[in-house]
There are 2 protein chains.
Amino acid sequence: MTPERITIGSGETESVVWLGQGLLGQAGSRLISPSGRFLLVSSKAAGEPVGALRAALSGRLLLDLEVEDSEETKTLDSVRAIADRALAAGVRRDDAFVAAGGGVVTDLVGFAAAILLRGVAWNAVPTTVAGMADAAIGGKTGVDHPLGKNLLGAFHPPRSVLVDPAAAATLSDRDYRSGLVEACKAAWIRDAELSRRVEQLLDPVLARDEAALLEIVSGAVRIKADVVSSDPREGGERRLLNFGHTLGHAFEAAGGHRALRHGEAVAWGIAAAAAISRARAALSAADSGRVLAVLGRLGPFAEPVRLSDDLRPLLARDKKSTARGIAGVLLERIGHARVEESIPEEEWLAAAAEATIP
Amino acid sequence: MTPERITIGSGETESVVWLGQGLLGQAGSRLISPSGRFLLVSSKAAGEPVGALRAALSGRLLLDLEVEDSEETKTLDSVRAIADRALAAGVRRDDAFVAAGGGVVTDLVGFAAAILLRGVAWNAVPTTVAGMADAAIGGKTGVDHPLGKNLLGAFHPPRSVLVDPAAAATLSDRDYRSGLVEACKAAWIRDAELSRRVEQLLDPVLARDEAALLEIVSGAVRIKADVVSSDPREGGERRLLNFGHTLGHAFEAAGGHRALRHGEAVAWGIAAAAAISRARAALSAADSGRVLAVLGRLGPFAEPVRLSDDLRPLLARDKKSTARGIAGVLLERIGHARVEESIPEEEWLAAAAEATIP
């Protein structure tokens, strides 16, 4: 089967995303390194797909390093550890990293690549649904700081991204389902037709049908590629990708980044944003119902912390917060979203308290 | 007096360099912050010029932090400390840093700005001659690593650079003279006319005449701006700026980055490269003599470590080292240099052993 090829950006910062079944075995020809040498940094949890990658890159690995794929790993110290190992191995400017794992690993390795020798190339091989549909796409890299997530980082797009649905085969059901939330989000903000396909394909996708998963992921990647190409540094349209993330980030932080997966927190954030969209953006009851129904089929999700006193300080920390309120992404109808600049904090908190997923 | 304005690059990465006497007092209108707020990080050693800056930015400082201006400070931990303080102060994406100090401070703060919130703006106010003529110009930022200098970093040009010769008034004679080496280097690789002016103006420059210093620095900045604009990421012409730096970096490292100032090490590196240029690039005895005579007037410089056994491992570490030799910049005549890709290590070591400055 011929893989699908999607390009993002152009020139020095061009990323090529390859999507297809069986791509892991073709890593040797699809991943890019100017020198031909690779530094592999992979998730300990990823297992089999990393084995396939290692075999495909055999004889060309300058470094083969495993890291924990958990939010606690996403620190400046981990970047330093990767840089130490790469420099000790003799990394040169024309070598390239390969990050194989979930969003934590691709964010971390992409950032290490961004600052090592003032920037070396890297490639991403996402092994989670969230990584394939979202985290590994678009060039944002970074690490967390005690004061918040992703506060240190760089825009440094991977040269090549390999999306092979087989890489998600060993994912737990919880990780698999929560990862799909970001794919649905992409459809809802930009693509009515894909939103319809998600509803049609959700049963086989949830039954782990790889072709069905690939169709949904590929639709989400096309949307993200399109949005990111037109707005690489999040000045405008790229902000739409934050649908569900204003409260999502607060829910995630309120759970200490442990109680909820990112996708689960975003699901609750989308449910709340749908309610605000009903009031402020004339989202119809029918469209709101369709969004919630899909979230219901992806769930049930663990309950978030909903108390205003817990969420208020976390919301205030939002990068888009000003004295007049907090910017949010609202859905006008399925397939079309817009940014509203100043939604009062109390409105967010009320929506958080009342959000339901059927 | 109207200040001189030199722009480097364009669009998102445009830098504007302002050069003139009395500019420190105009910092409020010349430095750029999208939000109007600044985070000042300054060298403890800089003294008076920082006071002038502080006064000019009064009421707009979100942070006012002093750091040591020594090579030991140029670490990832210092970047983290700056990021911690900036985040605790509530830095936003539209705020901007001001780095006031020598090359260590501008490299360090520029790098912190590059990775904080995936990149905030910054401005440079160099307070050393080396900073004005070289370090603060061109967008290279970064920190050292136990395995080498500047191994972690980013290309992140400052929005605005203020060059006021008064900022160098309190420099020690040693720092002042060694800083001039980089300005002379710029002239020799690209500008025969400026090389001539350096010879004519060196006495008043050494007597601390600010107008004379400004003329030389301004010529050096024009050259660097020109080279960097045509080759921002050092693929080609920018490599010419490394004239004297192949052995210079080795001399510096052999002295533990303490025995010699960067400019002093580069002066010895230029003396050695001039000898290699005589043999390999047909540099005339007259031009070589003129280069050495200027270095002699800037000196005397402390003796470098010249032993091949000490220098060999440091040279091998050079980023431009390959099995066939080490790339170097050679002077064909005053005002014109070229890169030679593979000069055998033994030739470098012999030149290091024999380099003399009259």
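Residues numbered from 1 in each chain as written. Chains lettered and ligands numbered in written order. Predicted model: local features only at pLDDT ≥ 70, side-chain atom pairs only at ≥ 80, totals over all residues. Heavy atoms only, no water.

Caption draft 1: Structural view of the packing of helix α6 (residues 173–190) of chain A against helix α11 (residues 285–298) of chain A. All names here are of chain A. Here α6 crosses α11 at 165°, and the two axes come no closer than 10 Å. Relative to α11, the element α6 is oriented roughly antiparallel. Classified by chirality, the crossing of α11 by α6 is right-handed. Packed against α6, whose contacting residues are Arg-177, Leu-180, Val-181, Cys-184 and Trp-188, the element α11 presents Val-291, Val-294, Leu-295, Arg-297 and Leu-298 at the interface. (Axes fitted to C-alpha atoms, helices over the stretch in contact; angles between N-to-C directions. Helix = DSSP H or I, 4+ residues; strand = E, 2+ residues; numbered from the N terminus. Parallel < 35°, antiparallel > 145°, perpendicular 65-115°, else oblique. Left-handed = near helix turned anticlockwise from the far one by under 90°. Contact = heavy atoms within 4.5 Å.)

Caption draft 2: Spotlight on the pattern of salt bridges. Applying the stated criterion to the full structure yields 72 salt bridges over all chains. A salt bridge links Asp173(A) to Arg208(A), with the nearest nitrogen and oxygen atoms 3.6 Å apart. Of this pair, Asp173(A) sits in helix α6 while Arg208(A) is found in the loop between α7 (192–206) and α8 (210–230), placing the two residues 35 residues apart along the sequence. For Arg208(A), a relative accessible area of 26% translates into the label partly exposed. Of the charged contacts in the structure, one is a salt bridge between Arg290(B) and Glu199(B), with a shortest N-O distance of 2.8 Å. Of the two residues, Arg290(B) sits in helix α11 (residues 285–298) while Glu199(B) sits in helix α7 (residues 192–206), which places them 91 residues apart along the sequence. A network of salt bridges, in which partner residues are shared, links Arg280(A), Glu332(A), Arg338(A), Glu340(A) and Glu347(A). (Salt bridge = Lys/Arg side-chain N within 4 Å of Asp/Glu carboxyl O. Buried < 20%, exposed > 50% of the residue type's maximum accessible area, 1.4 Å probe, protein only.)

Caption draft 3: Up close: the sheet that holds strand β4 (residues 61–67) of chain B. Residues and elements named next belong to chain B. Read from one edge of the open sheet, 7 strands run β1-β2-β9-β6-β5-β3-β4, paired in mixed fashion. Edge positions in the sheet fall to β1 (4–8) and β4, since each has one partner strand and no second. Here the average twist between neighbouring strands, direction ignored, is 15°. Here strand β2 (residues 15–19) runs beside strand β9 (residues 160–163); their pairing, made up of 4 bridges, is parallel. The residue of β9 that forms the bridge with Trp-18 is Leu-162. Its contacts with the sheet place helix α3 (residues 76–88) against β3 (38–43), β4 and β5 (96–101), and it is angled at close to 155° to β4. (Pairing = 2+ DSSP bridges.)

It is worth stressing that arrangement in space is one thing and function is another; only the former is reported here.
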